[in-house]
Amino acid sequence: MKNESTIPPSTAYVHPRNQTDMMGSSMMPVYQTSAFSHSTAAELEQIFKNQKPGYAYSRVGNPTVNAFENQMARLEGGLSATACASGSAAIACCFLTLLKSGDSIVAPAGLYGGTLNWLKELEAFGITTRLIADFSATNVEAAIDGSTRFVFMEIISNPKLEVVDVRALAETAHKANIPLIVDATAVTPALMRPIDFGADIVIHSSSKYINGNGTAISGVIVDSGRFPWKKSGKFDEVLPCKKFGLAAFTAKLRNSTWQNIGACLAPVHAWLNMTGLETLPLRMKQICSSAKALAAFLEASKGVQAVNYPGLASSPWHQQTAQFAEGQAGGILTIRVGSKARAFSLIDHLKLALNLPNIGDTKTLVLHPASTIFIHSDPAAREAAGVFEDTVRISVGLETCDDIIADFKGALEAMA
Ligand SMILES: *Cc1c(COP(=O)(O)O)cnc(C)c1O
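Given the structure is predicted, the values throughout are model-derived calculations rather than measurements.

## Describing empty space enclosed by the protein
One water molecule sets the probe size; rolling that probe over the atoms shows where empty space is left. This model, assessed by the stated rule, comprises 2 cavities of 30 Å³ or more. Of the voids in this model, the largest cavity is the one considered here, and its volume is about 40 Å³. Sorting the residues of the lining of the largest cavity by element identifies helix H3 (63-76) and helix H11 (248-261) as the ones contributing at least two each. Of the residues in the lining of the largest cavity, the class split is 5 nonpolar, 4 polar and 2 charged.

## Let's talk about the pairing of strand S12 (residues 391-395)
When you tally the buried positions in S12, you get 5 out of 5 residues, the bulk of the element. Side chains of S12 alternate between two faces, with Thr391, Arg393 and Ser395 and Val392 and Ile394 buried alike. Summarising the sheet, strand S11 (residues 365-367) and S12 pair through 3 bridges and their orientation is antiparallel. In the sheet register, Leu365 faces S12, and the bridge partner there is Ser395.

## Overview of the packing of aromatic side chains
Taken as a whole, this structure holds 7 aromatic pairs when the rule is applied. A ring pair is formed by Phe36 and Tyr55, whose centres lie 5.5 Å apart and whose planes are at 40°; its orientation type is tilted. Here Phe36 is found in the loop between helix H1 (10-14) and helix H2 (41-48), whereas its partner Tyr55 is found in the loop between H2 and H3, with 19 residues between them in sequence. Note on Phe36: relative accessible area 18%, which makes it buried. Residue classification places Tyr55 among the partly exposed residues on the basis of a relative accessible area of 26%. When the ring of Trp229 is compared with that of Phe249, the centres are 5.8 Å apart and the planes differ by 25°; the resulting orientation is stacked. You can see Trp229 sitting in helix H9 (residues 229-232) and its partner Phe249 sitting in helix H11, a full 20 residues away along the chain.

## A few points about the site of the ligand
Of all residues adjacent to the ligand, which total 15 residues, the nearest are Ser88, Asp183, Ser205, Ser207 and Lys208. The greatest single-element share of the shell around the ligand, amounting to 3 residues, is contributed by helix H4 (residues 87-98).

## Quick look at the domain arrangement of the chain
Domain annotation of the chain identifies domain 1 (10-30 + 61-277) and domain 2 (281-415). Centre-to-centre separation of domain 1 and domain 2, based on C-alpha positions: 26 Å. Buried area between domain 1 and domain 2, both sides added, is near 2,800 Å², and the carbon and sulfur share of it is 64%. On the domain 1 side of the interface with domain 2, the three residues burying the most area are Leu161, Leu191 and Tyr209, jointly 28% of the side's total. The interface formed by domain 1 and domain 2 includes 0 salt bridges. Joining domain 1 to domain 2, the criterion identifies 9 residue pairs in polar contact (both at pLDDT 80 or more).

## What to know about the side chain of Thr129
By secondary structure assignment, the location of Thr129 is in strand S3 (residues 128-132). The exposure class assigned to Thr129 is buried, which follows from its relative accessible area of 18%. Residues within four places of Thr129 in sequence aside, it is in contact with Ile105, Ala107 and Leu119.

## Some remarks on the nonpolar core
Counting residues in hydrophobic clusters, the biggest one holds 57 residues, and the most contacted among them are Phe68, Phe135, Val151, Met153, Ile155 and Leu180. Tallying contributions element by element places H3 first for this core, with 6 residues. Per-domain counts for this core show at least three residues from each of domain 1 (10-30 + 61-277) and domain 2 (281-415). Once residues lying within four places of it in the same chain are set aside, the contact partners of Val151 are Val106, Phe135, Val140, Ile144, Leu169, Ala173, Ile178, Pro179, Leu180 and Ile181.

## Quick word on the layout of surface pockets
Approximately 790 Å³ is the volume attributed to the largest pocket. Around the largest pocket sit 27 residues that line it, and Asn50, Gly54, Val60, Arg254 and Asn255 are the ones nearest its centre. It is H11 that contributes the most residues to the lining of the largest pocket, 6 residues altogether. Along the lines of polarity and charge, the residues of the lining of the largest pocket split into 14 nonpolar, 9 polar and 4 charged. Looking at the second largest pocket, its volume works out to about 310 Å³. Taken together, 14 residues form the lining of the second largest pocket, with Leu116, Asn117, Lys120, Leu131 and Ala381 sitting closest to its centre. Broken down by secondary-structure element, the contributors of at least two residues to the lining of the second largest pocket are helix H5 (113-121), S3 and helix H15 (379-384). By residue number, the principal contributor to the lining of the second largest pocket is H5, which donates 5 residues.

## Section: the state of the cysteines
Tallied over the entire structure, the rule returns 0 disulfides. Of the cysteine sulfurs around Cys84, a residue in no disulfide, the closest is that of Cys93, at 4.9 Å. Given a relative accessible area of 0%, Cys84 falls into the buried group. The thiol of Cys94 is not disulfide-bonded; the next cysteine sulfur, from Cys93, is found 8.8 Å away.

## What to know about helix H14 (residues 340-349)
Of all the residues in H14, the buried ones are Ala343, Ser345, Leu346 and Ile347. The inward-facing, buried residues of H14 abut strand S9 (332-336), strand S10 (354-355), S11, S12 and helix H16 (401-415).

## What about the pattern of salt bridges?
Under the definition given, this model contains 13 salt bridges. Across the salt bridge formed by Lys175 and Glu141, the nearest N and O atoms sit 3.2 Å from each other. Residue Lys175 is located in helix H7 (residues 166-175), and its partner Glu141 is located in helix H6 (residues 137-143); the two are separated by 34 residues in the primary sequence. Lys175 sits in the exposed class, given a relative accessible area of 60%. Several salt bridges converge on common partners, so that one network encompasses Lys100, Asp103 and Arg149.

What counts and what doesn't
- Residues numbered from 1 in each chain as written.
- Predicted model: local features only at pLDDT ≥ 70, side-chain atom pairs only at ≥ 80, totals over all residues.
- Heavy atoms only, no water.
- 1 Å grid on protein atoms, 1.4 Å probe; cavity = no way out; pocket = protein on both sides within 12 Å on 5 of 7 lines; lining within 4 Å.
- Points joined across faces, edges and corners; volume = space filled by probe spheres on them.
- Helix = DSSP H or I, 4+ residues; strand = E, 2+ residues; numbered from the N terminus.
- Nonpolar A, V, L, I, M, F, W, Y, C, P; charged D, E, K, R; others polar.
- Buried < 20%, exposed > 50% of the residue type's maximum accessible area, 1.4 Å probe, protein only.
- Pairing = 2+ DSSP bridges.
- Phe/Tyr/Trp six-rings, centres within 6.5 Å; stacked < 30°, edge-to-face > 60°.
- Near = heavy atom within 4 Å.
- Domains from an automatic or database assignment.
- Buried area = accessible area lost by both parts, 1.4 Å probe.
- Salt bridge = Lys/Arg side-chain N within 4 Å of Asp/Glu carboxyl O.
- Polar contact = N/O pair within 3.5 Å; in protein donor to acceptor, adjacent residues only side chain to side chain.
- Contact = heavy atoms within 4.5 Å.
- Core = buried A, V, L, I, M, F, W, Y, C linked by side-chain atoms within 4.5 Å.
- Disulfide = S-S within 2.5 Å.

See below:
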């Protein structure tokens, strides 16, 4: 499989466009203000009517947040982006923009736990989800029916680490006249731009690799601007298709759902993300390389029963990693160590790796998912998401690779 993605060069990450500041600052300043004053009442009226560019209230628009949104749209190859208070808020705002009672969603069983919880909550509003264990194009095609409004997936899924063929899934969705929505948190535009593979909307929890330092919760929705909302005939009731055409999704998202829920991003968090974005390609390269080395080391270790990392030849999803830049398979792996007690012991014996529920930090992170982020899921749903009693999730950081491996080697020896 050839890598069709046009990964933006490092230069694009450190030189955002249109971000000149009148004081000449090299970084977009933080406009830490709730509202923006205007000299005349007529001017503010024009801004409210979208007849004049400008800012009025930070829930609806803020220059620092806009700078982050524009940079994300550019790096993902999309038409526009909307920044949200969290990745969860981004998913909620995206779904609520497109759905009404009686609609359904097709998604994989191996999704982020918070998203699975959210899909369950939508049932109270008459919205159901068909969760599929093996998310192949054939199975997805069979699950789509007249009520399906979109196909949702993650690439690389967290924590199952399933990697599916994005182009095949996009073709399947488009055949049914519905969009493909991809949560690309685990790959970032440094490894793959899902829009190049046919995805219509890309979502990130930018709390993770995009921020990169674990300093702020945030999310972003990137609209490709390519899905034919009007022509599909499936969204006339929920989107302003006639007036906005290809921009109908973003028009409703920004002017209604996102604005009314108030899931806006704080300016200082946008600024932290802009800072993080500058080093994203460099960090991803180092993180993916260390993750691959750690996975190989753990696969050869006696105390480890199984290693799940898409970059290993033993992974059922190994072939699909050809979709990523240089075949880099991300920074997350999961291992099984035999029992919950052994999983706890491994975590407790690690000296560098931090035990906390996050991914995509500069520091290596570990977590026992079954007793934390999946504590409220039943065992069947948990296992469908790749989480067993003895699973430990590892998010590889920027420590020297030898030091990361030595930490796991020491912990495995100490617990033996
Ligand atoms: C963390 C995460 C989310 C949720 O994002 P928050 O910023 O924590 O709300 C969604 N999807 C994936 C794949 C994640 O890893």
